[in-house]
Amino acid sequence: MAQIDIRSVRKSYGKTQTLHGVDLIFPTGEFVVILGPSGCGKSTLLRMIAGLEEITAGEIAIGGTVVNRLEPRERGCAMVFQNYALYPHMSVADNIGYALKVAGVPKAERRRRIEETASIVGLSDYLERKPAALSGGQRQRVAMGRAMIREPKVFLFDEPLSNLDAKLRVSMRAEIRKLHQRLNATSVFVTHDQVEAMTLADRLVVMNKGQVEQVGQPLDIYHRPASTFVASFIGSPAMNLMDSRIEGGTVRIGGHAVRLSPAAASLEGREITVGIRPEQVRLSSNGTGVMAVADFVEELGSGRIVHAAMEGQAFAAAIGEEVRVQPGQPIAFELPAEHLHLFDRESGRRIEVEGPAASPVAAVPALALS
Amino acid sequence: MIQRTPFADALTYGLMILGFLLLIGPFVVVIAGASQSLQQVNAVPFRFMPGTHFLENASAAWTRGDLGHAMVNSLIMATLVTVGKVALSACTAFAIVFFRSPLKHLFFWTVFITLMLPLEVRVVPTYAVAADMFTPFRLLIQFLTGIEIKVEWNLLNSYAGLVLPLIATATGTFLYRQFFMTLPDELAEAARMDGSGPVRFFFDMLVPLSRTNILALTTIMFVYGWNQYLWPLLMVTDPSYKTMMMQLRALLPAENGIPDWNVTLAGSLIIMLPPVLVVAILQRWFVRGLVASEK
């Protein structure tokens, strides 16, 4: 069992730098998910842990041993690839057992361990098949079995579910999670899918443009995003972000002033970005509040999402199915102050307001409508 | 063709029949001539019907050309050339595709350019080196140190001499390279994660995966090796190293001798036999290996 320490790791290809100094600690036995848009360097980081990419600067240690100069096989990692990378000419049994064969494990023991692994991943009946004769989910299981059989200290997953259809993805997600609990190895899982990230992670790392934006527990990150990037990346539909300024303890949004908690007084006059999640926006009960014009409505079955325009900016709100909204109809929204997130407009970093983010006072009717 | 018209159909069949006749014509002459007697083969007009004398013609050719001996030599040579080419080009392509080295592209293009330098073009320098293996080194040492050394070792009249200069192959390297490049990078990475080194990866993954490629290349290269004429002619002076192609020359009737073309033709049928067999056995894979990659 091994803790992974990543210390100021950088990666450049020629002159272009793709990772700009990453510092992370993944404690033993945790399921860590690295989340980010494509091109943010998350796969590169994973491949550096695996030993498939050279480390330009910095250090990676697994279980206390610096592995920068070690070959992949000496690092005790196993990896599941996005396209599975099964050996097409080998049967399922040979695929799973290849690592043992290379390691020189005697045939009888190999057979026993292959069967044991196959039964864990539910492939006992397919041992003699070739990968071409398997379905996507089965291939995925072979890839996992192949990684498991070596009893690695560290499991690395490189977007392993993105080639599966939606339904299978959900069930494989659960299987991966179960597998992790059973094996108790440190797992690092790279994905661009925030639902996967939220559901799997003990610890979530959000990356953007070669830098770590935020590290924390999934719910923490959801409730207290550290930057506008994290705020807009986590959560579906994305958080509404609106530029504003703090004046007299209020922020003006959509021609309406929302009063903040007294603790925000020190921020008087700051240029900020205000964020609120669509599911925390409420329809105003008395017809006054933040005004927006409905553009279109997305039906989700369990509810609906209104996409509206507010002072030319897009604004989304989740509403219950009992409310009917027509496109073009003006709607008044209430923005509960305790659900507002404040970010510095320049840097995009979160501004922490003492205690509960804002007073639980709901929107105050228009104060200074001009 | 998607469109079907009687005229176009007739034209296509006409062209196909014409092509077939052009290809099969010489074989009909050889087969007919090889089985006729001396009188029949020299009769005017030539009769395209096979006769009954094939076996005696063949045995005459066999003894006159010492074909038994030449057959062994040719088989050894063609097999070694084939094995050498298939193995060497697989290794070359492996190095070019799977290893990151700064001069990789230079090496690849150097190999590729040799496509333009078949043996016939470089036969004189190749012969010079084969006749005195240490020439280049001796010149180099003399240039660097001024010391003149006398070591002589030549490959004339040996299987090594027959085979080695023919082994380097740009075609084979290119064929393997194209195939290796279709393999996903993850395959090599997965093997690395499983602990396999480059050599293991080559034998456990690449060799089994490129089976059709190997067989296709074997077919082409065996025929190539078998058909070599110029190089053995230069290398071999000792009759015990004569190859089939050289003996075909010996089977031709002498200028003022008996015009026994029936024996010559029977001999050429025997000479044709091994490559025909190899192609017939391997052609299924041959086509598959050149056309599509196995999924």
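Residues numbered from 1 in each chain as written. Chains lettered and ligands numbered in written order. Predicted model: local features only at pLDDT ≥ 70, side-chain atom pairs only at ≥ 80, totals over all residues.

> Please clarify how the overall build of chain B should be interpreted in this entry.
A tally of helices and strands in chain B yields 15 helices and 0 strands. For a compact globule of 295 residues, the expected C-alpha radius of gyration is about 19 Å, and chain B comes in at 24 Å, more than 25% above that figure. Dimensions along the principal axes, computed over C-alpha positions, put chain B at roughly 70 × 70 × 30 Å. Burial statistics for chain B: of 295 residues in total, 29% are counted as buried. Taking as baseline every contact in chain B between residues at least 6 positions apart, the subset at least 24 positions apart corresponds to 72%. (Helix = DSSP H or I, 4+ residues; strand = E, 2+ residues; numbered from the N terminus. Rg over C-alpha atoms; globule rule 2.2 N^0.38 Å. Buried ≥ 20, exposed ≤ 12 C-beta atoms within 10 Å, placed from the backbone. Contact = placed C-beta atoms within 7 Å.)

> Would you mind showing me how to read the domain arrangement of chain A here?
In many reports, interface size means the accessible area that the parts give up when they come together. Here chain A is described as being made up of domain 1 (4–229) and domain 2 (238–344). Between domain 1 of chain A and domain 2 of chain A, the C-alpha centre-to-centre distance is 39 Å. (Domains from an automatic or database assignment.)

> In this structure, what is going on with the interface of chain A and chain B? I would like to understand it.
Contact residues are listed per partner, giving 18 residues for chain A and 15 residues for chain B. Contributing elements (two or more residues each) for the side of chain A that touches chain B: strand S6 (77–80) and helix H2 (92–102) of chain A. Residue classes in the side of chain A that touches chain B are distributed as 15 nonpolar, 2 polar and 1 charged. (Nonpolar A, V, L, I, M, F, W, Y, C, P; charged D, E, K, R; others polar.)

> What is the right way to look at the UniProt feature "domain: ABC transmembrane type-1" (unreviewed entry) in chain B in this model?
Under the feature "domain: ABC transmembrane type-1" (unreviewed entry), the UniProt entry names residues 71–282 of chain B. Overall, residues 71–282 of chain B shows 72% helix and 0% strand. The separation of its end C-alpha atoms is 21 Å. (UniProt positions renumbered as here; feature names shortened; annotations may be inferred.)

> How should unusual backbone geometry be read in this particular structure?
If a residue is not glycine, its phi is most likely negative; likewise, a peptide bond is most likely trans. Ser 236 of chain A connects to Pro 237 of chain A through a cis peptide bond whose omega is -5°. Assignment of secondary structure puts Pro 237 of chain A in the loop between helix H8 (228–233) and strand S11 (240–247). Cis geometry is adopted by the peptide bond preceding Pro 45 of chain B, which originates at Val 44 of chain B and carries an omega value of -5°. Backbone geometry places Glu 151 of chain A, a non-glycine residue, at a positive phi of 50°. For Glu 151 of chain A, the location among the structural elements is in the loop between helix H4 (136–148) and strand S7 (154–158). Its identity is not glycine, yet Asn 184 of chain A carries a phi of approximately 60°, on the positive side. Structurally, the position occupied by Asn 184 of chain A is in the loop between helix H5 (166–183) and strand S8 (186–191).

> How do you make sense of the nonpolar core when you look at a structure like this?
The nonpolar side chains of a soluble globular protein tend to be buried with one another. Counting 139 residues, the largest nonpolar core has Val 33, Ile 34, Ile 49, Leu 156 and Val 188 of chain A as its most contacted members. Counting residues per element, this core draws most heavily on helix H4 (residues 67–98) of chain B, at 8 residues. Residues from two domains meet in this core; each of domain 1 (4–229) and domain 2 (238–344) of chain A gives at least three. If we ignore the near neighbours within four places in the chain, the residues touching Val 188 of chain A are Phe 26, Val 32, Ile 34, Leu 46, Ile 49, Val 154, Leu 156 and Phe 157 of chain A. Counting 16 residues, the second largest nonpolar core, distinct from the first, contains Val 41, Leu 265, Ile 270 and Ile 271 of chain B. (Core = buried A, V, L, I, M, F, W, Y, C linked by C-beta atoms within 7 Å.)

> When you look at the environment of Pro 88 of chain A in this model, what are you seeing that I'm missing?
Considering the arrangement of structural elements, one finds Pro 88 of chain A in the loop between S6 and H2. A residue is classified by how many C-beta atoms lie within 10 Å of it, and Pro 88 of chain A, with 17 of them, is partly exposed.

> For this particular structure, what's the right way to read the UniProt feature "domain: ABC transporter" (unreviewed entry) in chain A?
UniProt annotation of "domain: ABC transporter" (unreviewed entry) refers to residues 4–234 of chain A when read in the numbering used here. Counting secondary structure, residues 4–234 of chain A comes out at 36% helix and 26% strand; the distance between its end C-alpha atoms is 25 Å.

> Sorry if this is basic, but what is going on with the UniProt feature "transmembrane region" (unreviewed entry) in chain B here?
Residue and element names in this part refer to chain B. UniProt feature "transmembrane region" (unreviewed entry): in the numbering of this structure it lies at residues 12–34, 75–99, 106–130, 159–180, 201–226 and 261–282. In this annotation, residues 12–34 is assigned 100% helix and 0% strand; the end-to-end C-alpha distance for the span is 33 Å. Taken end to end, residues 75–99 has its terminal C-alpha atoms 35 Å apart, with 96% of it in helix and 0% in strand.

> Looking at this structure, how should I read the sheet that holds strand S2 (residues 16–26) of chain A?
Strand pairing within a sheet occurs via backbone hydrogen bonds; the two strands may be parallel or antiparallel. Residues and elements named next belong to chain A. Reading across the sheet, the 4 strands line up as S2-S1-S4-S5 and stay open at both edges, with antiparallel pairing between neighbours. With partners counted over all chains shown, the strands left at the sheet margins are S2 and strand S5 (65–66), one partner each. In this structure, strand S1 (residues 4–13) lies alongside strand S4 (residues 57–62), joined through 5 bridges in antiparallel fashion. From the neighbouring strand, Ile 4 faces S4, where its bridge partner is Ile 62. (Pairing = 2+ DSSP bridges.)

> Honestly, the sheet that holds strand S3 (residues 31–35) of chain A in this entry has me stumped. Any pointers?
Residues and elements named next belong to chain A. Reading across from one edge, S6-S7-S8-S3-S9-S10 is the order of the 6 strands in this open sheet, with mixed pairing throughout. Single-partner strands in this sheet number two, and they are S6 and strand S10 (211–216). Shown here is a sheet whose adjacent strand axes are inclined to one another by a mean of 20°, direction ignored. Bridge count for strand S9 (residues 203–208) against S10 is 5 bridges, and the pairing is antiparallel. From the neighbouring strand, Asn 208 faces S10, where its bridge partner is Gln 211. (Axes fitted to C-alpha atoms, helices over the stretch in contact; angles between N-to-C directions.)

> In this structure, what is going on with the pairing of S8 of chain A? I would like to understand it.
The side chains of a regular strand alternate, first on one face of the sheet and then on the other. Residues and elements named next belong to chain A. Counting buried positions along S8 yields 6 of 6 residues, so the element is predominantly enclosed. Judged by which residues are buried, S8 turns out to be covered on both faces: Thr 186, Val 188 and Val 190 on one side and Ser 187, Phe 189 and Thr 191 on the other are all buried. The pairing of S3 with S8 spans 5 bridges and is classified as parallel. Its bridge partner lying in S8, Leu 35 is registered against Thr 191. Where S7 lies against S8, 5 bridges are found, and the strand directions are parallel.

> Could you clarify how one ought to interpret the pairing of strand S17 (residues 304–310) of chain A in this entry?
Residue and element names in this part refer to chain A. Judged from the 6 bridges that link them, strand S16 (residues 290–299) and S17 form a sheet pairing that is antiparallel. Across the sheet, residue Glu 298 finds its bridge partner in S17, namely Ile 305. Counting the residues that bridge the hairpin from S16 to S17 gives 4 residues, and of these Gly 301 lies at a positive phi of roughly 90°. Where S17 and strand S18 (residues 313–319) come together, 7 bridges link them in antiparallel fashion.

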